[in-house]
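Per-entry structural report
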Amino acid sequence: MIGKIWSWIDDRTGFSDVVMPIMKHVVPDDARWWYVFGSATLCAFIVQVLTGIALAMVYVPGGDAAYESLKYITEDATLGFIVRGMHYYGATAMVMMAVIHMTQVFLHASYKYPREMNWMSGVVLLFVVLGMAFTGQLLRWDANGVWSVMVAAEMAGRVPFIGEYIAHFILGGETVGGSTLSRFFAIHVFILPGLIFAGIGLHMWLILRHGISEMPKKNQPVEPETYKENYEKRLHKTGVPFWPDAMWRDVIFSTIVVGVILACSIFIGPPALGPSPDPANIHANPMPDWYFWWYFAVLSMLPPALETYIILGSPVLGFVILFVLPLLSNKGQRAPSQRPWAVGTVIFGATAFIVLTIYGYLKPWSPDFDVKPLPPEIVKSNDPKIQEGALLVHQKGCLYCHDIDGYGGHRGPVLSDIGSRLDRGELVIRISNGGYNMPSFAASLTAVEMDKMVDFLLTRTDHPQEEEKADN
Amino acid sequence: MSEQSEQPQTAGEDDRRGFFAKVSIILSAVIGAGITLPGLGFVLAPVFARPKQSWRRIGKVDDYEIGKTVTVEFRDDVSVKWAGVTAMTGAWLRRVSEKDFIAFSINCRHLGCPVNWVADAKLFMCPCHGGVYYEDGDVAAGPPPEPLARYEVRIKDGFVEIETSSVPLTTNDQV
Ligand code: FES
């Protein structure tokens with residue numbers, strides 16, 4: 001009976017005739033574990049679609065209710081905590097897998113003839129995925145997400161001539177508000193996913209059309225004239241059917257990825273919702289999701305003159321370079337051992353990413369608003385004048401930017417031994433006039449306050465004992 | 001007609017085909033325009049909307065101490081009904097003298113982050129990239145290219161009022 005039903009379905013749908021040959025298409029037998037990242041990206045996308053649909057059934061994309069509905073999902077809804085967590089970690093997994101997949105394809109030069117378009121469609125997909133990550137952050141509708149969008153709109157506003165229009169288009173008005181949220185919602189759940197579906201369709205079709213690339217071999221450079229023929233020949237001799245000979249590795253790896261996503265959402269949970277997006281709450285400290293920290297760091301370190309060009313130019317340039325890469329070099333060696341520049345680029349890129357990410361996390365350019373006053377064991381003085389000076393250094397905000405023996409921010413130079421570097425006159429001038437990136441304090445300090453502060457700063461030397469003796 | 005030769009007949013057939021092809025393409029374009037244009041206009045409308053402005057009552061004049069800078073909240077005029085808490089905008093308000101008030105936008109002119117007022121140092125500081133402004137809003141340090149934006153403030157019937165207006169983008173030359 002079941003057999004009969006199945007053969008009816010099979011006949012009418014053509015599963016055995018059409019789908020099975022696709023599943024069983026022959027792939028090189030050396031593909032192995034290197035090739036599991038693409039399917040893992042797809043798997044993470046499926047996680048996103050399913051959890052996203054589930055979330056959309058409860059989430060309200062309205063400025064007045066979004067935050068509350070997210071709170072409800074996180075705190076009260078059955079399994080809501082896990083679903084939201086999966087959507088968050090799924091996004092992380094998707095970004096990570098896409099980048100790793102791309103790095104692998106780049107290292108093995110699989111983008112060369114005839115697979116140029118596979119790579120190009122992949123580059124478009126990557127940027128769409130980043131767009132998903134970014135729009136998703138606003139849907140959280142907490143202070144952090146809202147301010148991040150403000151920052152993005154300001155960046156867009158710097159486009160010459162039409163910047164303001166673009167910014168107002170993004171925001172759906174003049175400021176971040178109810179219309180911004182529904183706009184981002186539509187982009188996040190309709191437009192970008194539509195693009196991703198279409199992009200994945202094209203990407204997969206191209207894989208079937210050109211076949212999965214072989215592991216690069218040193219004596220096997222790509223010659224467009226003969227490549228296809230030789231590839232077919234080798235495939236004929238040594239190829240294996242994708243299902244099940246090659247696919248089992250993809251399935252195992254994807255199982256691990258889903259397992260990790262699930263484990264993270266169960267044991268760590270979704271990111272805590274920040275304070276609600278009250279624009280009057282100025283004590284927000286906007287910070288993007290971790291995969292954008294590197295860019296955040298870049299933004300902070302730019303010299304103002306270059307800023308606009310880099311803010312606007314680098315994403316466009318990055319996209320263009322990646323996109324046209326296979327057109328610039330589509331034949332020749334594929335083996336990493338023969339392509340030192342490619343390996344170098346990957347190492348450089350990865351290092352820059354890690355260093356900038358750490359830097360973005362530490363935010364040394366940001367004033368440290370939470371810094372505590374200096375404790376007595378650091379002030380090390382019984383002189384009330386000096387003690388008051390130490391207190392002033394905190395009150396006047398010096399410590400927000402300057403570090404003294406481990407207390408304070410890192411925007412300005414460390415002041416732990418400033419007393420040995422500058423004398424009284426120099427200190428007074430420096431504090432009253434300010435200087436490169438330092439405000440002038442002339443207007444906000446009385447002469448007495450200045451005196452006390454300088455007295456205190458002069459005790460900050462690298463040989464405090466001598467100083468004390470000299471004083472006595 | 002058909003007796004003359006086979007050529008004209010095929011030519012007529014081709015004409016027919018060509019005509020249908022043209023009609024189909026043109027009509028498809030019409031359908032496309034009919035479907036997309038209203039939606040496009042709807043979506044683009046906010047880009048060209050002229051900002052609304054009105055005076056918002058903040059609080060009694062006597063509630064504010066001379067020389068103090070405090071945060072105030074008021075309803076933004078451009079917001080939609082369902083904006084919830086984001087309908088509100090914040091500002092830094094300072095009473096300068098008996099009769100004078102200044103209101104600064106809380107948005108940093110670098111990339112829009114909320115600036116904090118540090119009273120003892122008499123500075124506005126931005127948490128994002130370390131922008132610092134003096135008490136009059138001028139740039140003291142860091143990346144901001146321009147002074148903090150200000151709102152119009154007036155006193156009416158013993159109340160402080162702020163004119164709602166959108167905070168200009170850093171590059172907005174209409175400021
Ligand atoms: S947004 Fe204020 S310094 Fe960048």
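Everything below is about the structure printed above this text.
Figured I'd write up the structure that's included with this text. Please read these numbers as outputs of a predicted model, since none were measured by experiment.

Secondary structure summary: chain A contains 21 helices and two strands in total. Whereas a compact globule of 472 residues would reach a radius of gyration of roughly 23 Å, chain A reaches 29 Å, over 25% beyond that. Each principal axis of the C-alpha atoms in chain A carries an extent, and together these give about 100 × 55 × 50 Å. Buried positions account for 48% of the 472 residues belonging to chain A. In chain A, once contacts between residues fewer than 6 apart in sequence are set aside, the share between residues at least 24 apart is 76%. Looking at charge distribution, chain A has the averaged site of its 34 positive side-chain charges lying 11 Å from that of its 42 negative ones.

If you walk through the whole model with that rule in mind, you get one disulfide over all chains. With no disulfide of its own, Cys43(A) lies closest to Cys264(A) among cysteine sulfurs, the gap being 14 Å.

Right, let's get into the pattern of salt bridges. The tally for this structure, following the rule as stated, stands at 20 salt bridges over all chains. Among the ionic pairs, Asp455(A) bridges to Lys385(A), the shortest N-O distance being 2.9 Å. One end of the pair, Asp455(A), is in helix α20 (residues 447-458); the other, Lys385(A), is in helix α16 (residues 384-395), and 70 residues separate them in sequence. Among the residues examined, Asp455(A) registers a relative accessible area of 13% and is labelled buried. For Lys385(A), a relative accessible area of 35% translates into the label partly exposed. Note that Glu98(B) and Arg95(B) form a salt bridge whose closest N and O atoms lie 3.4 Å from each other. Glu98(B) sits in the exposed class, given a relative accessible area of 55%. Three or more residues are tied together by salt bridges with common partners; here these are Lys385(A), Arg424(A), Asp451(A) and Asp455(A).

Turning next to the packing of aromatic side chains. All names here are of chain A. Applying the stated criterion to the full structure yields 28 aromatic pairs over all chains. Residues Trp33 and Trp248 carry aromatic rings whose centres are separated by 5.8 Å and whose planes lie at 90° to one another, so their mutual orientation is edge-to-face. Of this pair, Trp33 sits in the loop between β1 (26-27) and α3 (36-56) while Trp248 sits in helix α11 (residues 242-267); the two residues are 215 residues apart in sequence, bridging distant segments of the chain. Under the relative-accessibility criterion, Trp33 is labelled partly exposed at 42%. With a centroid separation of 5.0 Å and an interplanar angle of 90°, the aromatic rings of Phe127 and Phe319 are classed as edge-to-face. Taken together, the residues span a long stretch of sequence, with Phe127 in helix α6 (residues 116-139) and Phe319 in helix α13 (residues 304-328) at a distance of 192 residues. The class for Phe127 is partly exposed, based on a relative accessible area of 29%.

Looking now at the sheet that holds strand β10 (residues 153-156) of chain B. Within a sheet, each strand pairs with its neighbour through backbone hydrogen bonds, oriented either parallel or antiparallel. All names here are of chain B. Reading across from one edge, β1-β11-β10 is the order of the three strands in this open sheet, with antiparallel pairing throughout. Sheet topology places β1 (55-60) and β10 at the edges, where each strand pairs with a single neighbour. The average angle at which neighbouring strand axes cross in this sheet is 35°, direction not considered. Here β10 pairs with strand β11 (residues 159-163) via four bridges, running antiparallel. Looking at β11, one finds that Lys156 is bridged to Phe159.

Residue and element names in this part refer to chain B. Spatial ordering of the open sheet is given by β5-β6-β7-β8, a layout of four strands whose pairing is antiparallel. Either end of the sheet is taken by a strand with one partner, and the two such strands are β5 (116-118) and β8 (139-141). Across this sheet, the average inter-strand angle for adjacent strands is 35°, counted without regard to direction. Relative to β8, strand β7 (residues 132-134) runs antiparallel, the two being bridged by two bridges. Residue pairing across strands places Val132 opposite Ala141, the latter belonging to β8.

In many reports, interface size means the accessible area that the parts give up when they come together. Across the contact, 58 residues belong to chain A and 55 residues belong to chain B. Between chain A and chain B, a total of about 4600 Å² is buried, with carbon and sulfur atoms accounting for 62% of that surface. Considering only the surface of chain A that becomes buried against chain B, Glu154(A), Glu174(A) and Ile282(A) emerge as the three largest contributors, covering 14% of it. Connecting chain A to chain B are zero salt bridges. The tally of links between chain A and chain B comes to 11 residue pairs in polar contact (both at pLDDT 80 or more). Mapped by element, the contributors of at least two residues to the side of chain A that touches chain B are α7 (143-156), α8 (163-171), α9 (178-210), α12 (293-301) and α13 of chain A.

Cut-offs and rules
Residues numbered from 1 in each chain as written. Chains lettered and ligands numbered in written order. Predicted model: local features only at pLDDT ≥ 70, side-chain atom pairs only at ≥ 80, totals over all residues. Heavy atoms only, no water. Helix = DSSP H or I, 4+ residues; strand = E, 2+ residues; numbered from the N terminus. Rg over C-alpha atoms; globule rule 2.2 N^0.38 Å. Buried < 20%, exposed > 50% of the residue type's maximum accessible area, 1.4 Å probe, protein only. Contact = heavy atoms within 4.5 Å. Lys, Arg positive; Asp, Glu negative; His and termini not counted. Charge placed at Lys NZ, Arg CZ, Asp CG, Glu CD. Disulfide = S-S within 2.5 Å. Salt bridge = Lys/Arg side-chain N within 4 Å of Asp/Glu carboxyl O. Phe/Tyr/Trp six-rings, centres within 6.5 Å; stacked < 30°, edge-to-face > 60°. Pairing = 2+ DSSP bridges. Axes fitted to C-alpha atoms, helices over the stretch in contact; angles between N-to-C directions. Buried area = accessible area lost by both parts, 1.4 Å probe. Polar contact = N/O pair within 3.5 Å; in protein donor to acceptor, adjacent residues only side chain to side chain.

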